[in-house]
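For reference, the chains in residue letters:
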Amino acid sequence: MIRNLLTTAWRSLLKNKFFSSLNIIGLAVGMAVFLLIAQYVHFERSYENFIPNAQNIYRVKLETYLNNQLVMSSAENYPGVGPALKNELPEVTGFARLYNMGYKNNIIITNEDAKPDPIAFKHRRFLYADSSFLLMMGYTMVAGDPKTALAHPFNAVISEKYARMYFGNEDPIGKSLRLQDDDFVNELVKVTGVVKDIPANTHLKFDVLFSYKSLFPRGDWAIARYDHGWKRKDMYTFITLRPGADPKILEAKLPSIVTKYKPENKQQNQNDILTLQPLKSIHLTSSLAEEPESNGDERIVNFLSLIGMFVLIIAWINYVNLSTAKAMERAKEVGVRKVMGAFKSQLIRQFITESGLINLLSVLIAISLIALVLPYFNSLSGLSLNVTYLFQNWFLGLIAALWLIGTLLSGFYPAIVLSSFKPVVVLKGKLKNSVSGIFLRKTLVVFQFMASVALIAGTFIVYDQLNFMMNQDLGMNIDQVLVVDRPGIAPKDRKAFNSAIDVFRDELRRDPNIQGVAASVTIPGKQREFKAGVKKYGTSDDQIVTVRFNSMDFDFMDVFRMKLIAGRAFSEQFVKDQDTSVIVTESTARLLGFTKPEDAIGQTIAIPNFQWNPIVVGVVNDYHQVSFKKPLDPVIFYCSKYGGEYYSLRINTSSLNHTIDYVKQSWEKAFPGNPFDFFFMDDYFNKQYENERKFGGLFLTFAALAVVVGCLGLFGLSAYTATQRTKEIGIRKALGSSERGIFFLLSQEYLKLVGLSIFLATPLVWWVMRNWMQNFAYRVSISVSVFLIAGIMVLFVALVTISYQTLRAARIKPVDSLRYE
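Residues numbered from 1 in each chain as written. Predicted model: local features only at pLDDT ≥ 70, side-chain atom pairs only at ≥ 80, totals over all residues. Heavy atoms only, no water.

S.K.: Just checking my understanding: could you explain the overall build of the chain for this structure?
M.R.: When you go through the chain residue by residue, the secondary structure sums to 29 helices and 24 strands. The proportion of buried residues among the 821 residues of the chain is 54%. (Helix = DSSP H or I, 4+ residues; strand = E, 2+ residues; numbered from the N terminus. Buried < 20%, exposed > 50% of the residue type's maximum accessible area, 1.4 Å probe, protein only.)

S.K.: I tried to follow the pattern of salt bridges on my own but got confused; where do I start?
M.R.: Two side chains that carry opposite charge are able to pair once their charged atoms sit near each other. Tallied over the entire structure, the rule returns 30 salt bridges. Notably, a salt bridge pairs Lys 629 with Glu 692, separated by 3.4 Å at the nearest N-O pair. Of this pair, Lys 629 sits in the loop between β21 (615-620) and β22 (635-639) while Glu 692 sits in helix α25 (residues 690-724), and the two are 63 residues apart along the sequence. Taking relative accessible area as the criterion, Lys 629 reaches 24% and is therefore assigned partly exposed. A cluster of three or more residues bridged by salt bridges with shared partners is formed by Lys 231, Lys 262 and Glu 264. (Salt bridge = Lys/Arg side-chain N within 4 Å of Asp/Glu carboxyl O.)

S.K.: Looking at this structure, I do not really get the packing of helix α3 (residues 81-88) against helix α9 (residues 254-261). What am I missing?
M.R.: Packed helices, taken two at a time, are described by their axes: the angle between them and the distance between them. Across the interface, α3 lies against α9 with an axial gap of 11 Å and an inter-helix angle of 120°. Classed by the angle they form, the pair α3 and α9 counts as oblique. Along this stretch, α3 crosses α9, giving a crossing that reads as right-handed. Counted together, Ala 84, Leu 85 and Glu 88 of α3 and Leu 254, Ile 257, Lys 260 and Tyr 261 of α9 form the full contact between these two elements. Here the contact of α3 with α9 is built from residues that sort into five nonpolar, no polar and two charged. (Axes fitted to C-alpha atoms, helices over the stretch in contact; angles between N-to-C directions. Parallel < 35°, antiparallel > 145°, perpendicular 65-115°, else oblique. Left-handed = near helix turned anticlockwise from the far one by under 90°. Contact = heavy atoms within 4.5 Å. Nonpolar A, V, L, I, M, F, W, Y, C, P; charged D, E, K, R; others polar.)

S.K.: Looking at this model, I keep getting lost on the packing of aromatic side chains. Mind explaining?
M.R.: Within this structure, the stated rule accounts for 36 aromatic pairs. Taking the centre distance of 6.1 Å and the plane angle of 25° together, the rings of Tyr 99 and Tyr 128 count as stacked. Of the two residues, Tyr 99 is situated in strand β3 (residues 92-99) and Tyr 128 in strand β6 (residues 126-129); the sequence distance between them amounts to 29 residues. Each member of the pair, Tyr 99 together with Tyr 128, is buried. Ring pairing ties together the aromatic residues Phe 497, Phe 504, Tyr 647, Trp 667, Phe 671, Phe 676, Phe 678 and Phe 680, which thus form one cluster. (Phe/Tyr/Trp six-rings, centres within 6.5 Å; stacked < 30°, edge-to-face > 60°.)

S.K.: I would appreciate a short explanation of the side chain of Gln 625 in the present structure.
M.R.: Examined against the element boundaries, Gln 625 turns out to sit in the loop between β21 and β22. Within the structure, Gln 625 has its side chain in polar contact with the backbone oxygen of Ile 523 (distance 2.6 Å). Reaching out from Gln 625, the side chain makes a polar contact with the backbone oxygen of Lys 526 at a distance of 3.4 Å. Aside from chain neighbours lying at most four places away, what touches Gln 625 is Thr 522, Ile 523, Pro 524, Gly 525, Lys 526, Arg 548, Asn 550 and Phe 685. (Polar contact = N/O pair within 3.5 Å; in protein donor to acceptor, adjacent residues only side chain to side chain.)

S.K.: What's the story with the side chain of Asp 130 in this structure? I'm lost.
M.R.: By secondary structure assignment, the location of Asp 130 is in the loop between β6 and α5 (133-137). A distance of 2.8 Å separates a polar atom in the side chain of Asp 130 from a polar atom in the side chain of Arg 97. With residues near it in sequence (within four places) discarded, Asp 130 still touches Phe 95, Ala 96, Arg 97, Leu 150 and Tyr 212.

S.K.: Explain the nonpolar core to me, please; I cannot follow it from the model alone.
M.R.: Soluble, globular proteins show a tendency: their nonpolar side chains are buried together. Core analysis: the largest hydrophobic core is formed by 107 residues, its most contacted members being Leu 304, Phe 377, Phe 560, Met 562 and Phe 637. Excluding residues that lie within four positions of it along the chain, Phe 560 makes contacts with Met 476, Asn 477, Ile 478, Val 481, Ser 648, Arg 650 and Met 681. If you look at the next biggest cluster of nonpolar residues, it comprises 27 residues, including Ala 96, Met 141, Ile 198 and Tyr 236. (Core = buried A, V, L, I, M, F, W, Y, C linked by side-chain atoms within 4.5 Å.)

S.K.: Which parts of the structure should I look at to understand unusual backbone geometry?
M.R.: For residues besides glycine, phi is generally negative; the peptide bonds are generally trans as well. That bond from Lys 115 to Pro 116 is cis: its omega, 5°, falls within 30 degrees of zero. With respect to the element layout, Pro 116 can be found in the loop between β4 (107-111) and β5 (119-123). Positive phi, normally seen in glycine, also occurs at Asn 67, with a value near 50°. Here the phi dihedral of Phe 154 falls at roughly 65°; this positive angle occurs in a residue that is not glycine. Looking at the secondary structure, you find Phe 154 in the loop between β7 (141-143) and β8 (155-159).

S.K.: Honestly, the pairing of strand β19 (residues 581-585) in this entry has me stumped. Any pointers?
M.R.: Within a regular beta strand, the side chains point alternately toward one face of the sheet and then the other, so they alternate between its two faces. Most of β19 sits out of view: five of its five residues are buried. Sheet topology note: the β19/β21 ladder contains five bridges and is parallel. Each residue of the ladder has a partner; that of Ile 583, found in β21, is Gly 618. (Pairing = 2+ DSSP bridges.)

S.K.: Sorry, what's going on with the packing of helix α18 (residues 494-509) against helix α23 (residues 656-670) here?
M.R.: Contact geometry of α18 with α23 gives a least axis separation of 9 Å together with a crossing angle of 155°. Taken together, the axes of α18 and α23 are roughly antiparallel relative to one another. Classified by chirality, the crossing of α23 by α18 is right-handed. Between α18, through Ala 500, Val 503, Phe 504, Glu 507 and Leu 508, and α23, the contact on the second element is made entirely by Tyr 662, Val 663, Ser 666, Trp 667, Lys 669 and Ala 670. Along the lines of polarity and charge, the residues of the contact of α18 with α23 split into eight nonpolar, one polar and two charged.

S.K.: Looking at this structure, how should I read a nonpolar patch on the surface?
M.R.: Together, Leu 360, Leu 364, Trp 403, Leu 404 and Leu 408 line one region of the surface with nonpolar side chains, adding up to about 450 Å² of accessible area. When residues of the nonpolar patch are traced back to their parent elements, those giving at least two are α14 (344-381) and α15 (393-419). Ranked by the residues each element gives to the nonpolar patch, the list is headed by α15, at three residues. Mapped onto the secondary structure, Leu 364 falls in helix α14. By relative accessible area, which is 49% here, Leu 364 ends up partly exposed. (Patch = residues over 30% accessible without salt bridge, like charges linked within 9 Å, V, L, I, M, F, W, Y side chains within 5 Å. Areas by Shrake-Rupley, 256 points an atom, 1.4 Å probe, with all protein chains shown as cover.)

S.K.: Whenever I open this one, the sheet that holds strand β16 (residues 531-536) confuses me. Can you help?
M.R.: The strands making up a sheet associate through backbone hydrogen bonding, with each pair oriented either parallel or antiparallel. Taken together, the seven strands give an open sheet; going across it, the order is β18-β21-β19-β22-β17-β16-β20, and neighbouring strands pair in mixed fashion. Only two strands of the sheet have a single neighbouring strand rather than two, namely β18 (564-567) and β20 (605-606). Two strands pair when backbone bridges link them, and β18 and β21 are joined in this way by three bridges, in the antiparallel orientation. Bridge pairing in β21 places Ala 566 opposite Val 619.

S.K.: Please clarify how the confidence of the model for the chain should be interpreted in this entry.
M.R.: Note that predicted coordinates carrying low pLDDT should not be read in detail. On average, residues of the chain score 84 in pLDDT, and 83% of them reach the 70 mark or higher. Across residues 426-432, confidence stays below pLDDT 50; counting only partners more than four residues off in sequence or on other chains, it has 15 contacts. (pLDDT = per-residue confidence, 0-100.)

S.K.: It is not clear to me how helix α6 (residues 160-167) should be interpreted in this structure. Could you clarify?
M.R.: Side chains three or four residues apart in an α-helix point the same way, a direct result of the helix having 3.6 residues per turn. Along α6, the residues that are buried comprise Tyr 162, Ala 163, Tyr 166 and Phe 167. Viewed along the axis of α6, the buried residues span an arc of 110°, placing them on a single side of the element. Contacts from the buried residues of α6 go to β4, β5, β8, β9 (176-181) and β10 (186-195). Two residues or fewer after α6 comes Gly 168, characterised by a positive phi angle close to 60°. (Arc of directions from axis to C-beta.)

S.K.: I'm lost on the sheet that holds strand β14 (residues 481-485) in this one. Help?
M.R.: Ordered in space as β15-β23-β14-β24, the four strands form an open sheet in which the pairing is antiparallel. Every other strand in the sheet has two partners, leaving β15 (514-520) and β24 (678-680) as the edge strands with one partner each. Averaged over all pairs of adjacent strands, the angle between their axes in this sheet comes to 25°, without regard to strand direction. Two strands pair when backbone bridges link them, and β14 and strand β23 (residues 646-651) are joined in this way by five bridges, in the antiparallel orientation. Within β23, the position partnered with Asp 485 by the bridge is Tyr 646.

S.K.: Explain the environment of Lys 641 to me, please; I cannot follow it from the model alone.
M.R.: Looking at the element boundaries, Lys 641 is found in the loop between β22 and β23. The buried category is assigned to Lys 641, whose relative accessible area is 16%. When the C-alpha positions of Lys 641 and Phe 554 are compared, they lie 7.1 Å apart, and in sequence the two are 87 residues distant. Look past the residues within four positions of Lys 641 in its chain and what remains in contact with it is Asp 502, Arg 505, Ala 519, Asp 553, Phe 554, Glu 572 and Gln 578. A distance of 3.4 Å separates the side chain of Lys 641 from the side chain of Tyr 642, its partner in a polar contact.

Now the structure itself:
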């Protein structure tokens, strides 16, 4: 029986090659889009899934308020939080702290015993980790014991990748590496473990772990600072809860713990709020300061999921529309089958089999399309998928489910319609299209083009917002600025280090292509929450306001083209600038209560946390330290000639390669043994918009494909309509109708449906995208022109789609039309 069903279904496909091809191509494209998006969504939602006990692991988040103003919202915390929670709360079964040294400092790790020359690498993915960290996360160890690998000072665990890079095929266990950084750390450590390379789907990517105890091997002061202190706040803290523990109940107990360990907060008008972040939710829901890496965005993942569903549903709608529209042509086939004894259930099985065959062919073509476009998809999404991902169990299961659901959803209604025809009515030729069937097809067409309009308008809005943010005036010029990190291997002492910095600056100034060199502790785009409270000197603590701090040297304002509003810039002619002077931005001056920028000049301000009372010598324009997704921060600059962590060079890019080579030579002369690395500041800053750029590219691509799939269905429907009205067209032409009149007659029905789609989609898109844009501190207004352009585009594409069939029908000679059967 199955063989007979398949044979009949295959013959039906061959008999209707044109409409079968439209169905298969439309379904294949829709399924390919859905499956590609499913890969992206699955990857984004799979973060930390490989960690065995991930559902019970939480990161402790810190929010600090001063005078009820939010000072910082950070992924990092006090070192003492982990031990305190373990001691105070029975629900907490363990803790692990991480110090993200690689994010903050320039770390150089060297295998000095390598032959013929030492092997050194600069590390960014470098962490100090508690001895409990490896067991908590359940990482796979290639060598070494996870219980003891980080138990002692100056122990190191490295990834497989770096084990090969440092030691080749040798066994690394027991061998030594030297750690050096720009804070004059110079330690020899022993490799005690090798961890399997960390998967891409984790927010905690590392290549090297040093034992946390390496931070405090020499005395009680270091233990107080790094092990149980509540002063510095630069440690990631992870805790494990016992199974079944309610994190909300536990969070309610945290304020009392903060009060116990930070009693000085009340006197300082400070409030620290600890909350728990589920480990598996961090990647998509957390965008705190001091994150280990830029996280994803759950809103974008949800948007793309909806797009995938829209495109797939549009493809299924095409099948339903074309199948039910062609029901009239198959009515006599159904009538004959019923006269010959076929039951309704048998006919339903036959039409479901046809749907299953079409969906199967579509699935196979969709998989081929995915394999073909995977490199392009990777470049759009930032993933690194390959063909092997298409054979993962979950993906194969999804394909099977997609085929089964598609077969039933797209095949069931046409099967019911076709199998319900009455033989007597059909064979007498009295069957006509039902009003309900025509209404359903029109409704489905409206839904298709509503989705198309929504996707096109949404794409325009996303790109408008992205362009708006990327082209706004930052308040400083970051174009043609090359940035070099501070050296990781520092000279033996501060004096020697300062001399090396002078050598580097002097060498750079000799090249006419380098227009200026500036040093600063942070740069635009750096997500570092270096903030503190400040007030006018002599006022009460309730007048304290929170501002961001940055350093600048004597050339910073020239390199970044900042505007001096009042007062003066820092200058080497004023020897006390590095000790007693600050420059504030306009918004800082206003916050401090100065009516005009000039009023701030010469005034003393107090910074209680630093126990420092500097004098304001200048006021500069406001600038954006981070992206336009966040509000502008008031800033105070202090003067530091040698304390910068970044060297920013304004260059002439006309001879870029020569300039970079010269910078490298100058670097190697001033800081021998340090790997040279650089980046361009505009690229670095714009990385903050990476999620939005990926979203825009994916949105645009899939919106275009949604329109293509919708137009395939419209093309088929217009072809069918033209065929059904062939005799009518002949009569109209015989009675004097023009080709233009016939064309508009056949087109207007579909154009009305598309127009209705635009009308219905516009308020829906406006509401959805307006809510999406509420997450940006600076945003464009949604223009009416966006919907006009999207509507005109869809109308134009729809008109072009149906024009071929309608013009072809309009040009048939009346004698041929009237003879048509």
